[in-house]
Amino acid sequence: MTAIDASTSTAPRTVSRSLALVLGLLTAFGPISMDLYLPVLPALTRDLHTQTSTAQLTVSACLLGLAFGQIVAGPLSDRFGRRRPLLIGIGAYIAASALCAASPTIETLIAARLVQGLAGSVGIVIAQAAGRDLYSGGKLVRYYGRLAVLGGLAAIIGPVIGGQIAAFTDWRGAFVFLAVVGVGILVASAIIYRETLPHELRTEGGLPHTLRAFARLLSDSTFVASLLVTAFTGAALFAYLAGATFVLQGIYGLTPQQYALAFGLNSLGFMVFGFTSGRVSERWSERRTLSVGLALCVAGALLLLVTALLHLPLVAVIVSLFTMVAGVAVTNPPSTSLALSGYRDIAGTASSLLGLTRFAFGGLSAPLVGLGGEHDATGLGLVAAVSAVAAALAFAVVTRLGGRSRRLVRG
């Protein structure tokens, strides 16, 4: 049971720019951990005398850690507060990154990457939950829009930094860099971050309470609709991340530099549209903004599928990917705000479910994009289209079955 009811109101809290920046930096753990070392993956494969498929398990291990670690970190942060789990998680991330750099075998590296993902998930889930501690209403949506911007920025600079690191050191240097990044965030968090969850709002009890909290969340049609939107749009986004390089370089013949430019354009679109979504939601309402984002996502994904089936020119691929990614960015702030707005008392637990579904569905969709073969983009188009349409249908069906939720139609 919680010490006080979830509806208890508190006075608005002043959030310094430095604290807002630290919370934003915590969102970088996911993209920076996944993207930064990708340019050195071939060198890693050769150095550890392993197969490409085995080396790719280091990516999967980190992804699994980022997904399932949130299920542990979220409820713990609801019970013990945000700050203590955060500092422990960042410390574990630093240690895991150092272990990655020192790994003598591919097996050790895979295990270390799993721990690195588990530890990194703490920062991601607490950044979302702390936002719910500090903000409400339009400010909450705007906050999630800023997180989308910083996540997109990390996705842009991650591969660039990784490529520069590879120019003067080996693959181990990439993990040393991640450890250094972790140290910087740990110092900033220790100095700037003060507890955002008051003692009177913390939960009591262990696993039974967590299971009851999950049941409470999953009985709410608004939360379930937002959860499904997060899951399926996450699947579309991870399909893009897994398949875009194969389509743009393998089929359309882009050079690595040209691919980096296209990737950067889409990431820039993600940032701009995510920020705009956070602003627009204050005037349009969360549901209307979410509907626009889903429409963009579906349009881009269907255009991508048509492009693959009809072998349309490169410009059609670029436009369709940009539209789909922009749509995903628009859905993120309102769907996250809708999911968490009624659950200040279990914001960490609610955030953990969102994070789990996003990474789990993304991990399931990513391998499917190559089923059509290395010279066929149909797999990417089909996975993206099915995911985007499923997100739109799930939101429409679940909210209709659940009735007109007071929180869903506010504004």
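Along every chain, residues carry numbers that run from 1 in the direction the sequence is written. Local features in this predicted model are restricted to residues whose pLDDT is 70 or higher, and side-chain atom pairs enter the listing and the counts only when it is 80 or higher, whereas totals over whole chains, interfaces and linings include all residues. Neither water nor hydrogens contribute to the side-chain values; these are computed over all heavy atoms in the structure.

A look at the packing of aromatic side chains
Describing an aromatic ring pair means giving the distance of the ring centres and the angle of the ring planes.
Part 1 of the reasoning: Two rings from Phe, Tyr or Trp (for Trp, the six-membered ring) form a pair when their centres are within 6.5 Å of each other. A pair whose planes differ by under 30 degrees is stacked, one over 60 is edge-to-face, and the rest are tilted. For the structure shown, the criterion picks out 6 aromatic pairs.
Part 2 of the reasoning: On the numbers, 6.1 Å between centres and 85° between planes, the contact of Trp 171 with Phe 175 is edge-to-face. Of the two residues, Trp 171 and Phe 175 are both situated in helix H9 (residues 171–192); the distance of 4 residues between them amounts to about one turn of the helix. Here Trp 171 and Phe 175 have matching classes, each one buried.
Part 3 of the reasoning: Here the aromatic rings of Phe 273 and Phe 322 are separated by 6.0 Å at their centres, their planes lie at 80°, and the arrangement is edge-to-face. Taken together, the residues Phe 273 in helix H12 (residues 256–284) and Phe 322 in helix H14 (residues 314–340) connect sequence positions 49 residues apart. For the purposes of this entry, the term helix denotes a DSSP run of H or I that reaches at least four residues, the term strand denotes a run of E that reaches at least two, and both are numbered from the N terminus. A simple rule labels every residue: compare its accessible area, found with a 1.4 Å probe on the protein chains alone, to the largest value its type can have, and call it buried under 20%, exposed over 50%, or partly exposed in between.

Some words on helix H7 (residues 106–134)
Part 1 of the reasoning: What a helix is expected to span follows from its residue count: subtract one and scale by 1.5 Å. Along its 29 residues, H7 runs 42 Å from first to last C-alpha, staying within 8% of the 42 Å computed at 1.5 Å per residue.
Part 2 of the reasoning: Taken across its 29 residues, H7 has 22 buried, putting it largely inside the fold.

Side note on the packing of H7 against helix H15 (residues 347–365)
Part 1 of the reasoning: Lines fitted to the C-alpha atoms define the axes, with helices restricted to the stretch that makes contact. Angles between their N-to-C directions range from 0 to 180 degrees. Two elements in contact, H7 and H15, have axes whose closest approach is 9 Å; the angle formed by their N-to-C orientations is 135°. By the criterion of interaxial angle, the relationship of H7 to H15 is oblique. Two packed elements cross with a definite hand, and for H7 against H15 that hand is right-handed. When H7 is examined against H15, the residues Ile 124, Val 125, Gln 128, Ala 129 and Arg 132 are found in contact with a partner set consisting of Ala 347, Gly 348, Ser 351, Ser 352, Leu 354, Arg 358 and Phe 359.
Part 2 of the reasoning: For the contact of H7 with H15, a count of residues per class yields 6 nonpolar, 4 polar and 2 charged. Throughout, the term roughly parallel applies to angles under 35 degrees, roughly antiparallel to angles over 145, roughly perpendicular to angles from 65 to 115, and oblique to all others. Note on convention: the crossing is left-handed when the near helix lies turned anticlockwise from the far helix by less than a right angle, right-handed when the turn is clockwise. Two residues form a contact once any of their heavy atoms are found within 4.5 Å. Each residue receives one of three labels: charged for Asp, Glu, Lys and Arg, nonpolar for Ala, Val, Leu, Ile, Met, Phe, Trp, Tyr, Cys and Pro, and polar for the others, Gly being one of them.

What to know about unusual backbone geometry
With glycine set apart, most residues show a phi of negative sign, and most peptide bonds adopt trans.
Part 1 of the reasoning: Backbone geometry at His 49 places phi at a positive 55°, although glycine is not the residue there.
Part 2 of the reasoning: Residue His 49 is classed as exposed on the basis of its relative accessible area, which comes to 76%.
Part 3 of the reasoning: Even without glycine at this site, His 311 takes up a positive phi of about 55°.
Part 4 of the reasoning: Within the element layout of this structure, His 311 appears in the loop between helix H13 (286–310) and H14.
Part 5 of the reasoning: For His 311, a relative accessible area of 64% gives the class exposed.

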